[in-house]
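As a plain string of letters, each chain reads:
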Amino acid sequence: MNKAISIILFSLAAIFITTGCHKDSNPAVPPAPAGDSISIVKRDEMLKIGLLSFTPQKHLYVSITRGILKCYISESLEPFDECLSGDTLKFTGGDDTIEYTPAGSDESRPLSNVLVRLEPVAGVENGFVRIGTNQQNLRPYRGVIYLKLEGKNLLAINQVPLEEYLYGVVPAEMDYSWPKEALKAQAIVSRTFALFHMPRYENRGFTLADDDRSQKYGGYGVETEPTTNAVIDTTNEVLTYNGKLAAVVFHAESPTRTAGNLDVWPYSGEIPYLVGVSDVMGIIDFSEGGMFREWSNSASFDEIRLALNRDGETFVGEYFSALSLLDISDNGRIRLVDILGEKNPVVDAMTLSRVLNRSLGPDFLPSNMFSIALDGNGYRFTGSGKGHGVGMS
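Fair warning: this is a prediction, and the values are worked out from it, not measured in the lab. (Residues numbered from 1 in each chain as written. Predicted model: local features only at pLDDT ≥ 70, side-chain atom pairs only at ≥ 80, totals over all residues. Heavy atoms only, no water.)

A. Broad picture of helix H8 (residues 349–360). The end-to-end C-alpha distance of H8 is 16 Å, a good match for the 16 Å that twelve residues give at a rise of 1.5 Å each. Of all twelve residues in H8, nine are buried; the element is thus mostly enclosed. Among the residues of H8, those classed as buried are Ala349, Met350, Thr351, Leu352, Ser353, Arg354, Val355, Leu356 and Asn357. Tucked inside the fold, the buried residues of H8 contact helix H7 (301–308), strand E20 (320–328), strand E21 (334–341), strand E22 (346–348), strand E23 (370–375) and strand E24 (378–383). Capping of H8 at its N-terminal end is provided by Asp348; its side-chain oxygen lies 3.1 Å from the backbone amide nitrogen of Met350. Positive phi shows up at Gly361, right after H8, with a value of about 130°. (Helix = DSSP H or I, 4+ residues; strand = E, 2+ residues; numbered from the N terminus. Expected span 1.5 Å × (residues − 1). Buried < 20%, exposed > 50% of the residue type's maximum accessible area, 1.4 Å probe, protein only. Contact = heavy atoms within 4.5 Å. Polar contact = N/O pair within 3.5 Å; in protein donor to acceptor, adjacent residues only side chain to side chain.)

B. The arrangement of the side chain of Thr207 in detail. Positionally, Thr207 belongs in the loop between helix H4 (180–196) and strand E14 (208–209). Not counting residues up to four positions away in its chain, the partners in contact with Thr207 are Leu47, Lys48, Ile49, His197, Met198, Arg200 and Tyr201.

C. Summary view of H7. Of all the positions in H7, only Ile304, Arg305, Ala307 and Leu308 are classed as buried. The arc enclosing the buried residues of H7, seen along the axis, measures out at 165°, which places them on a common side. Residues of H7 that are buried in the fold lie against strand E19 (295–300), E20, E21, H8 and E24. (Arc of directions from axis to C-beta.)

D. Examining the sheet that holds E21 more closely. Strand order in the open sheet formed by three strands is E20-E21-E22, and the pairing between neighbours is antiparallel. At either margin of the open sheet sits one strand with a lone partner, and together these are E20 and E22. Taken pair by pair, the neighbouring strands of this sheet meet at an average axis angle of 25°, ignoring direction. Where E21 and E22 come together, three bridges link them in antiparallel fashion. Each residue of the ladder has a partner; that of Val337, found in E22, is Val347. Packed on one face of the sheet, H7 meets E20 and E21 and runs near 70° to E20. Contacts between H8 and the sheet are confined to E20, E21 and E22, with E22 contributing the most and set at about 90° to the helix. (Pairing = 2+ DSSP bridges. Axes fitted to C-alpha atoms, helices over the stretch in contact; angles between N-to-C directions.)

E. Looking closely at the packing of aromatic side chains. Across all of its chains, the model carries 16 aromatic pairs by this definition. With centroids separated by 5.3 Å and ring planes inclined at 70°, the aromatic side chains of Phe301 and Tyr379 adopt a geometry described as edge-to-face. Linking Phe301 in helix H7 with Tyr379 in strand E24, this pair joins segments that are 78 residues apart in sequence. Residue Phe301 is classed as partly exposed on the basis of its relative accessible area of 21%. The class of Tyr379 is buried, set by a relative accessible area of 7%. Seen from their ring centres, Tyr379 and Phe381 are 6.3 Å apart, and the 65° between their planes marks the pair as edge-to-face. You'll find Tyr379 and Phe381 in the same group, each marked buried. (Phe/Tyr/Trp six-rings, centres within 6.5 Å; stacked < 30°, edge-to-face > 60°.)

F. Highlighting the sheet that holds E24. With antiparallel pairing, three strands are arranged side by side in an open sheet as E19-E24-E23. One side of each edge strand has no neighbouring strand; the edge strands of this open sheet are E19 and E23. The average undirected angle you get between the axes of adjacent strands in this sheet is 20°. Relative to E24, E19 is paired through six bridges, and the arrangement is antiparallel.

G. Main features of unusual backbone geometry. Look at Asn236: it is not a glycine, yet its phi comes out positive at around 75°. As for its placement among the helices and strands, Asn236 is situated in the loop between helix H5 (225–233) and strand E15 (237–241). The phi dihedral of Asn242 falls on the positive side, at around 55°, and the residue is not glycine. Its location among the elements puts Asn242 in the loop between E15 and strand E16 (244–245). The class for Asn242 is partly exposed, based on a relative accessible area of 44%.

H. Structural view of the side chain of Asp210. Assignment of secondary structure puts Asp210 in the loop between E14 and H5. Here Asp210 is buried and forms no salt bridge, its nearest opposite-charge partner Arg139 lying at an N-O distance of 5.5 Å. From its side chain, Asp210 meets the backbone nitrogen of Leu52 in a polar contact 2.9 Å long. In this structure, Asp210 is in contact with Ile49, Gly50, Leu51, Leu52, Ser53, Phe54, Gln215, Lys216 and Tyr217, ignoring residues within four places of it in sequence. (Lys, Arg positive; Asp, Glu negative; His and termini not counted. Salt bridge = Lys/Arg side-chain N within 4 Å of Asp/Glu carboxyl O.)

I. View of the nonpolar core. Membership of the largest hydrophobic core comes to 43 residues, with the highest contact counts inside it found for Phe91, Leu118, Ile131, Leu147 and Tyr165. Among the elements that make up this core, the one with the highest residue count is H4 (five residues). Every residue in contact with Ile131, bar those within four places of it in the chain, is listed here: Leu51, Leu60, Tyr61, Val62, Asn137, Leu138, Arg139, Tyr141, Ile145, Leu147 and Ala156. (Core = buried A, V, L, I, M, F, W, Y, C linked by side-chain atoms within 4.5 Å.)

J. Structural context of the layout of surface pockets. Counted as a void, the largest pocket has a volume near 880 Å³. Lining of the largest pocket is provided by 29 residues; of these, Ser53, Asp210, Asp211, Asp212 and Lys216 occupy positions nearest its centre. Among the secondary structure elements, those contributing two or more residues to the lining of the largest pocket are strand E10 (129–132), strand E11 (139–141) and H8. Looking at which element gives the most residues to the lining of the largest pocket, the answer is H8, with five residues. Taken together, the residues that form the lining of the largest pocket break down as eight nonpolar, ten polar and eleven charged. (1 Å grid on protein atoms, 1.4 Å probe; cavity = no way out; pocket = protein on both sides within 12 Å on 5 of 7 lines; lining within 4 Å. Points joined across faces, edges and corners; volume = space filled by probe spheres on them. Nonpolar A, V, L, I, M, F, W, Y, C, P; charged D, E, K, R; others polar.)

By themselves these figures say nothing about function.
Here you go:
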């Protein structure tokens, strides 16, 4: 979608509910009754976001942008250490405990606990926790960071107020240079999405993921003035349908037509406001000039097998022989894929997309609208669009 056209599309706030939003690979979308509106909810929700694609890490490094960072065991009121700006702490997953290496030291010590809380001293402007898997690539985040032991690895969780969370979502989902009304639309939809999906990962101690399994969240480091203003200008505004939060979804780019929810999730039940619509309005083609109007990528059988085996949902075993497209919607979107090999997992197309993209490149298989053909000792994937195709594009 080009920038000029977006002014027309996104300023139609009254009909946002007929669309949705970005790349949630498998949203829980319930049936909904009738009646839509933009509503105000005054809820100062505190969210917990699983960082680093909620993948547990053996080692995590932590610092503070400004001021002092206090380190606590769980919800203790007494810190076990403090970190000054310029210092870096190291935490390591151990046997039934978290190991801690102070700044300037090479010696670690067990903390005799499975949960650490990292909290900036209040009152310091732009004093944010920075965290990452190596000392050279630490990302800053608002709020508090928890390190939770999972097995022998560490899961990083960011506790942050809803509105501050959105400061790091809107610029991650939409270019800050887009028109003001487009950014405000994204803010409203992202706020609705967050509240609708909050309990999704509560069994692991957080509410939302930081990648497109929820919605992208980049923390303080991606914030911009235009996107932050869009969040502020729409504070507490959400989309509702018949008095309840709408099941909004969105994607990056649709190729001439969006999909209905049944095109992608056939068992989700009919949702009247998640229907496919044409990208063409009169003489205007909203998808014209899109980066993903057409795409094609190839990989060898061995490359695909290695990628599939890096995820439990697609694990194929010692050999991989074929992909079979089991279920295709009327508008050409793939619903289910049978992976044939030593194991024979059946997954939805967006799961396959996520797994292959992680290993073969972020846009190797951008959408669920594709075909496959043998290409030497591998497959060529040819398709269009980016994302699942449902809702706002």
